[in-house]
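Each chain is listed here by its residues.
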2 protein chains.
Amino acid sequence: MTEVVAHRRGRPPAAEQVDNRAVILRAALEEFAEHGYDGTSLRGIARHAQVDPALVHHYFGDKSELFSTVLGADGTVDPAFLAILDGPRETLVGDYLRFVLSLYEDPAQREQMTALLRAAIGTNEMAHLARAFVSSEVNARFAAIAAGPDPALRADLVSTQLLGLFVARFVFAVEPLASASVDDLVALIAPTIERYLFGE
Amino acid sequence: MTEVVAHRRGRPPAAEQVDNRAVILRAALEEFAEHGYDGTSLRGIARHAQVDPALVHHYFGDKSELFSTVLGADGTVDPAFLAILDGPRETLVGDYLRFVLSLYEDPAQREQMTALLRAAIGTNEMAHLARAFVSSEVNARFAAIAAGPDPALRADLVSTQLLGLFVARFVFAVEPLASASVDDLVALIAPTIERYLFGE
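Residues numbered from 1 in each chain as written. Chains lettered and ligands numbered in written order. Predicted model: local features only at pLDDT ≥ 70, side-chain atom pairs only at ≥ 80, totals over all residues. Heavy atoms only, no water.

## Let's talk about the pattern of salt bridges
Inspection of the entire model under this criterion finds 6 salt bridges over all chains. Two residues, Arg-110 of chain A and Glu-105 of chain A, come together in a salt bridge whose shortest N-O distance is 3.3 Å. Relative accessible area serves as the criterion here: at 23%, Arg-110 of chain A is assigned to the partly exposed category. One salt bridge connects Arg-169 of chain B with Glu-105 of chain B, and the closest N-O pair in it is separated by 2.9 Å. Of this pair, Arg-169 of chain B sits in helix α10 (residues 151-171) while Glu-105 of chain B sits in the loop between α7 (89-103) and α8 (107-122), and the two are 64 residues apart along the sequence. (Salt bridge = Lys/Arg side-chain N within 4 Å of Asp/Glu carboxyl O. Buried < 20%, exposed > 50% of the residue type's maximum accessible area, 1.4 Å probe, protein only. Helix = DSSP H or I, 4+ residues; strand = E, 2+ residues; numbered from the N terminus.)

Here is the structure:
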């Protein structure tokens, strides 16, 4: 491993930069998922990614900035999410719910989502980052498509239902909710989000 | 303080027991709220309550058992909650939402709820306790009053909406949700919970 670290030391050539960023982000996601926010260090992430710690800092700043970037890279701002929000209103909410719930059917994705939720909710430092992320990346987009008065409050209400669904299904794994099918959950929860976004 | 500790050492007379339990529970709630689960020790709680650590252990067992008891003492199983669930179906959901949201208007209660949510969601060890508590103390009661098929799933859905509401309003303090009035939130969210409990 020392050879790899030595090989990657110093400023990387331009062609390698995109690759290095992706490798570091992936390593960071796995470290945060496994050790939680407090148990993760930039040094450990660098070791995992087989790069120099200075490179991690160069690309992503300090640990809280890196975590903030990881939150943004977790699928919620997936281009597919944006495409769904641009879709027809009749199917938008169902499509979105099906998209996020299906994404986390994958055990590895589910584990990472659980770890990220825990870190985001469990620590004071992370709560304000998570709030900023939810506000700017998720709620702002829902507010933009909401109909009627108080679009920002409508978007917040959507996020309450989604947050609670994710915590109950992935973190607490409450039964029978945790084992309910994606189809059933879409049918049961879509009307709630429809009403928050478009109701009178 | 040493005198007080010395005074309270040993098995307490029966008349003092109820008082000691309450003092320890209060101290535990404040310690968990201030330091989180990992940062709290039985010794620190005993110091805060001015009792012998052995007394804390005698009444409440180890830290996770004590935390579990504290979760049960946070107002969710308040007799008023049970009385509301025994009330007429037409006003039950609105009354319950108004009850819990009003309870946490109080800044001290809100701070404690935030700390408890953080501890319950943020750590692996606490997640299973929180799940057990939510399952047995909250969901079981909602399932008992739900109408139609799948009462357990209905109750789980209620808990997703409540959990997400609490996390978004108290932990993330997302605006404008965090500053929305109790009246507005009851009007907006009660129909969701009505539908989960009693919908077709």
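Here the narrative resumes.
## A short note on the interface of chain B and chain A
In this complex, chain B contributes 38 residues to the contact, which on the side of chain A involves 38 residues. Buried surface at the junction of chain B and chain A, both sides included, amounts to about 3200 Å², of which 68% is carbon and sulfur. Considering only the side of chain B, the residues that lose the most area to chain A are Arg-118, Ile-121 and Phe-172 of chain B, jointly responsible for 22% of the buried surface there. Applying the counting criterion to the chain B and chain A interface returns 0 salt bridges. Viewed at the interface, chain A and chain B are joined by 14 residue pairs in polar contact (both at pLDDT 80 or more). (Contact = heavy atoms within 4.5 Å. Buried area = accessible area lost by both parts, 1.4 Å probe. Polar contact = N/O pair within 3.5 Å; in protein donor to acceptor, adjacent residues only side chain to side chain.)

## What about the packing of α7 of chain B against helix α11 (residues 182-198) of chain B?
Residues and elements named next belong to chain B. Running from amino to carboxyl end, α7 crosses α11 at an angle of 130°, the nearest separation of the two axes being 9 Å. As the angle between them shows, α7 and α11 are arranged oblique. Taken as a pair, α7 and α11 cross one another with a handedness that is right-handed. From α7, Arg-89, Glu-90, Val-93, Gly-94, Leu-97, Arg-98, Leu-101 and Ser-102 reach across to α11, where they touch Val-182, Asp-183, Leu-185, Val-186, Ile-189, Ala-190, Ile-193, Glu-194, Leu-197 and Phe-198. Counted by class, the contact of α7 with α11 contains 11 nonpolar, 2 polar and 5 charged residues. (Axes fitted to C-alpha atoms, helices over the stretch in contact; angles between N-to-C directions. Parallel < 35°, antiparallel > 145°, perpendicular 65-115°, else oblique. Left-handed = near helix turned anticlockwise from the far one by under 90°. Nonpolar A, V, L, I, M, F, W, Y, C, P; charged D, E, K, R; others polar.)

## A word on the nonpolar core
The nonpolar side chains of a soluble globular protein tend to be buried, and buried together. Core analysis: the biggest nonpolar cluster contains 138 residues, and Leu-66 and Phe-142 of chain A together with Leu-66 and Phe-142 of chain B have the highest contact counts within it. The contact partners of Phe-142 of chain A, leaving out residues within four places of it in the chain, are Phe-81, Leu-85, Tyr-96, Ala-155, Val-158, Leu-162 and Leu-197 of chain A. (Core = buried A, V, L, I, M, F, W, Y, C linked by side-chain atoms within 4.5 Å.)

## As for the relation of the copies chain B and chain A
What relates the two chain copies is a rotation about an axis together with a slide along it. In screw terms, the move from chain B to chain A is a rotation of 180° and a rise of 0.0 Å along the axis, fitting with an RMSD of 0.1 Å. Given the turn and translation reported, the copies of this chain are related as if by a two-fold rotation axis. A shared binding surface is used by both copies, with 100% of the interface residues of chain B retained as interface residues in chain A. (Least-squares fit on C-alpha atoms with pLDDT ≥ 70 in both.)

## Observations concerning the side chain of Thr-40 of chain A
Residue and element names in this part refer to chain A. Along the chain, Thr-40 turns up in the loop between α2 (14-35) and α3 (42-49). At 3.2 Å, the side chain of Thr-40 forms a polar contact with the backbone oxygen of Glu-31. Setting aside its immediate chain neighbours within four residues, Thr-40 contacts Glu-31, Phe-32, His-35, Ile-45 and Lys-63.

## Some thoughts on α3 of chain A
Residues of α3 of chain A that are buried: Leu-42, Gly-44, Ile-45, Ala-46 and Ala-49 of chain A. At the C-terminal side of α3 of chain A, Gln-50 of chain A shows a positive phi close to 55°.

## So, unusual backbone geometry
Residues and elements named next belong to chain A. With an omega of 10°, the peptide bond between Glu-175 and Pro-176 qualifies as cis. In this fold, Pro-176 is placed in the loop between α10 (151-171) and α11 (182-198). At Ala-173, a residue that is not glycine, the phi angle is positive and equals roughly 50°.

## A word on the packing of aromatic side chains
Residue and element names in this part refer to chain A. Using the criterion set out here, one finds 14 aromatic pairs over all chains in the structure. Aromatic side chains Tyr-104 and Phe-166 sit 6.0 Å apart centroid to centroid with 75° between the ring planes, which places their arrangement in the edge-to-face category. With Tyr-104 in the loop between α7 (89-103) and α8 (107-122) and Phe-166 in helix α10, this residue pair connects regions lying 62 residues apart in the sequence. Judged by its relative accessible area of 8%, Phe-166 is buried. (Phe/Tyr/Trp six-rings, centres within 6.5 Å; stacked < 30°, edge-to-face > 60°.)

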